[in-house]
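# A closer look at the structure
Given next are the chains, with one letter for each unit.
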Amino acid sequence: MRLLNLFKIAFKAIVLNKTRTLLTMLGIIIGVASVIAMLAIGEGSKESIRTSISNMGSNMITIKAGSDTRGGVRQEASVMESLTLSDFEAIREKSTLLSYSSPMVDGRGQVINGSNNWPSSIYGVNPDYLKIKVVDLQSGSMFTDAEVKSASKVALIGQTVVDNVFPDGQNPVGQMIRFNNIPFKVIGVLEEKGENTFGQDQDDVVIAPYTTVQKRILAIDHLNQIVASAMSEEDAPNAVLEVSEILRTQHKLSNADEDDFHVRSMEELISTFSSTSEMLTLLLVAVASISLLIGGIGIMNIMYVSVKERTKEIGLRMAVGGKGADILMQFLIEAILISITGGLLGVILGLGSTVFIEKFLNWPTSVSLYSIVISFAVCAVTGIFFGWYPARKASALDPITALRYE
């Protein structure tokens, strides 16, 4: 038989059993739709994480006192005070891969304006801080190096602080506020950024010269951390190594000594979150793929039934000269048609699901071409794999026995 005739016969068999065929396709449809939706959610999550962290400063590098504490070991207070202003000066002077750098000290307290008060965080930094964090000013201006040197009591505030201590809509720029008991003149309002990846409100902040925060609020002479910005994202890993070498030299650490500081880049953070997201996505895809397996078993089952129902037809075709290879191809084409049709419907349902998820559940999604290609390829393989054995059994029937079959 010609291939076109085999396709016609297979298509006619499918059309004559529409309900049974649709029920057989359900496993494939649900499986493909689930795989596409899960991969879209995973890709959307990764892109959302990368965007959110990039908004915090994609080239940013943080240097903190104390060794890497990811193991959860508590460290001595002296170790946690190992960063000093001289360390910052050494990094700024010797580093060749950093574009901006800033000392940083931070604390918490009450922001007060008249009868209005709000608990917030204060960050003591230098003028480079806004460039490192990629933050713009909504109004006003940043404090100067001269104001840092003189420990001036000036501050910038975020939109959350504005909303809570200036609830009447008054322009904060030029007004006086108090942080705990220390008066500050508001010289600028930060552009609104919203929550970051960790759910932290980036607008609930007061920014002041680090010298002012050190002397007047925290009464310390060490730094909590140093923040910097690499020349580019590509330079970030090398910048981390360069900063580490500078600090090891600065702290006079030998080769056998552990670091009393730790340096991390945003790229490392993005990589960590992305790998976690990928693992969860693979787990969800593995669960969704079970539907494809069930769909394949359904195809095998229905092809067995089809072979049984059409045993006489098979015997008649073989008796008039039909070859075993033609019979095998006929039933294999039928299985592949069921699988691919189910795959097409599954792709449509999967794409519709991602639109629904993004629009009504507000989850970020990103449909990639490879997820559709992979799902479709799996459908074709499923049709061949699970359709082969029933088709092979049909082609091996003895014509005389088949004609006598009741």
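Not measured: the values here are computed from a predicted model.

Conventions used here
Residues numbered from 1 in each chain as written. Predicted model: local features only at pLDDT ≥ 70, side-chain atom pairs only at ≥ 80, totals over all residues. Heavy atoms only, no water. Helix = DSSP H or I, 4+ residues; strand = E, 2+ residues; numbered from the N terminus. Buried < 20%, exposed > 50% of the residue type's maximum accessible area, 1.4 Å probe, protein only. Contact = heavy atoms within 4.5 Å. Patch = residues over 30% accessible without salt bridge, like charges linked within 9 Å, V, L, I, M, F, W, Y side chains within 5 Å. Areas by Shrake-Rupley, 256 points an atom, 1.4 Å probe, with all protein chains shown as cover. Salt bridge = Lys/Arg side-chain N within 4 Å of Asp/Glu carboxyl O. Lys, Arg positive; Asp, Glu negative; His and termini not counted. Charge placed at Lys NZ, Arg CZ, Asp CG, Glu CD.

### What to know about the environment of G44
Considering the arrangement of structural elements, one finds G44 in helix α2 (residues 18–55). By relative accessible area, which is 5% here, G44 ends up buried. On a C-alpha basis, the gap between G44 and P364 in space is 4.8 Å, while along the polypeptide they are 320 residues apart. Apart from residues no more than four positions distant in its own chain, G44 is found in contact with P364, T365 and S366.

### A look at the environment of S141
Residue placement: S141 occurs in the loop between β4 (137–140) and α5 (145–149). When its relative accessible area of 39% is taken as the criterion, S141 is described as partly exposed. In sequence terms S141 and L156 are 15 residues apart; their C-alpha atoms lie 8.3 Å from each other. Excluding residues within four positions of it along the chain, S141 makes contact with L156, I187 and G188.

### A closer look at a negative patch on the surface
Where like charges cluster on the molecular surface, the negative patch consists of D136, D163, E191 and E192. With respect to the element layout, D163 can be found in helix α6 (residues 159–165).

### Here's the deal with the pattern of salt bridges
Counting across every chain of the model gives 2 salt bridges. Residue R92 is joined to E89 by a salt bridge in which the shortest nitrogen-to-oxygen separation is 2.9 Å. Of the two residues, R92 and E89 are both situated in helix α3 (residues 85–94); the distance of 3 residues between them amounts to about one turn of the helix. Under the relative-accessibility criterion, E89 is labelled partly exposed at 25%. D259 is the salt-bridge partner of R248, the closest N and O atoms lying 2.4 Å from each other.

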